[in-house]
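Listed here are the chains, written in short residue letters.
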Amino acid sequence: MGQVKVAIVLPLLNYLRRHGHTQPMRDPAQTMSSEAWLALYEEAIALTGDAALPLRVGAAIQPSDYSMLGFAAMSCVNLAQAITVMQRYERLIQEVNATGLQVEGDRAELQWLPYLGPVSPIFMQLALASWAAVARHLTGRPQQTFEAHFTFPRPANAEVYQEIFGQPAKFSQPMTKLVFERTFLHQAVLFGDAATNQILLQKAEEQLQLADESSIVCSVRQRIAASLASGKLSVEAVAEELQMSPRKLQQLLTNEGSSFRKLLHEALFQRAKDYLADPAIRVSEVAFLLGYSEQSPFQAAFKNWAGMTPGAWRKMQPVMRQAGDAKT
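**Some points on helix α2 (residues 34-48)**
Here α2 spans 21 Å end to end across 15 residues, near enough to the 21 Å set by a 1.5 Å rise per residue. Every buried residue of α2 is accounted for by Ser-34, Trp-37, Leu-38, Leu-40, Tyr-41, Ala-44 and Ile-45. Taken end-on, α2 shows its buried residues confined to a sector of 155°, consistent with a single buried face. Check the buried side of α2 and you find it contacts β1 (3-5), α1 (6-18), β2 (31-33), α3 (53-60) and α6 (121-139). One or two positions beyond α2, positive phi appears at Gly-49, with a value near 70°.

As structure tokens, then:
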């Protein structure tokens, strides 16, 4: 699974210390797996008894918490440029999800696009709350409100979400995302400086190239996850983003025991399971959301991935959840 850097873990530990929770917790390594990061949050929630902890930690995050990436965003001209920078270089701090930006009409949305997993509400809460917090800090608009959408069902503490985002959140939605006015994208960043931005982006690019060379599979997964929203899912499109030929990309993936087709199917399977977990979304809608023109090709693909039809997989989920609860 994906890795996260210590920079993205420290806000949790700092939050706990500020609020008087001094019981010892595991110190994070320089990098840790997404499963270990999730376990750290689960441990912290048990320690504090606060189910909304990921939201509160996310809301307390500042751009500088993301180290050089945060400073690069702080030197951008406006929020749109800062989002573009965060999208391109987010793999320098985490490999749990990609971030998509969609603009339509007078609304814009930041989309939470998970990799293979674990897909947890904790990650969704943390991501959307931190996006809102960073956007407010960058623009100097602490009262800016957002409409938060989550794929999981409405929780008992839904009122906390309005406290964090300034608007009532929506649950059991097809996609986890943060929605806001399109004009907010053009809001100036408080400390924008073109010269500083150029220097920081050059350093970020160098680090990204090193990361891509050492983990081509993660790099391709990131771009596939981001492209699921736009539909540009060809090996040619991903190779162009990575500034190499499709042939070289396929060869690098082969050297790692993988392939573009395999990674694409893994991403589609994961996204299909996310959608099917919500009983309000029909199977035909899942097929459409994944880019299939008809339901039957999706049915066949899902059966190949899971060994059963989407309908059968959905019916099994209550049983699987009960089995998981019994183990814990």
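Next comes the rest of the write-up.
**A short note on the side chain of Lys-177**
Looking at the element boundaries, Lys-177 is found in strand β6 (residues 177-181). Given a relative accessible area of 17%, Lys-177 falls into the buried group. Excluding residues that lie within four positions of it along the chain, Lys-177 makes contacts with Glu-109, Leu-110, Gln-111, Leu-128, Glu-147, Ala-148 and His-149.

**Describing the environment of Gly-166**
With respect to the element layout, Gly-166 can be found in the loop between α7 (158-165) and β6. When its relative accessible area of 38% is taken as the criterion, Gly-166 is described as partly exposed. The spatial distance from the C-alpha of Gly-166 to the C-alpha of Phe-146 is 6.3 Å, given a sequence separation of 20 residues. Not counting chain neighbours up to four residues away, the residues in contact with Gly-166 comprise Arg-136, Thr-145 and Tyr-161.

Cut-offs used in this document
- Residues numbered from 1 in each chain as written.
- Predicted model: local features only at pLDDT ≥ 70, side-chain atom pairs only at ≥ 80, totals over all residues.
- Heavy atoms only, no water.
- Helix = DSSP H or I, 4+ residues; strand = E, 2+ residues; numbered from the N terminus.
- Expected span 1.5 Å × (residues − 1).
- Buried < 20%, exposed > 50% of the residue type's maximum accessible area, 1.4 Å probe, protein only.
- Arc of directions from axis to C-beta.
- Contact = heavy atoms within 4.5 Å.

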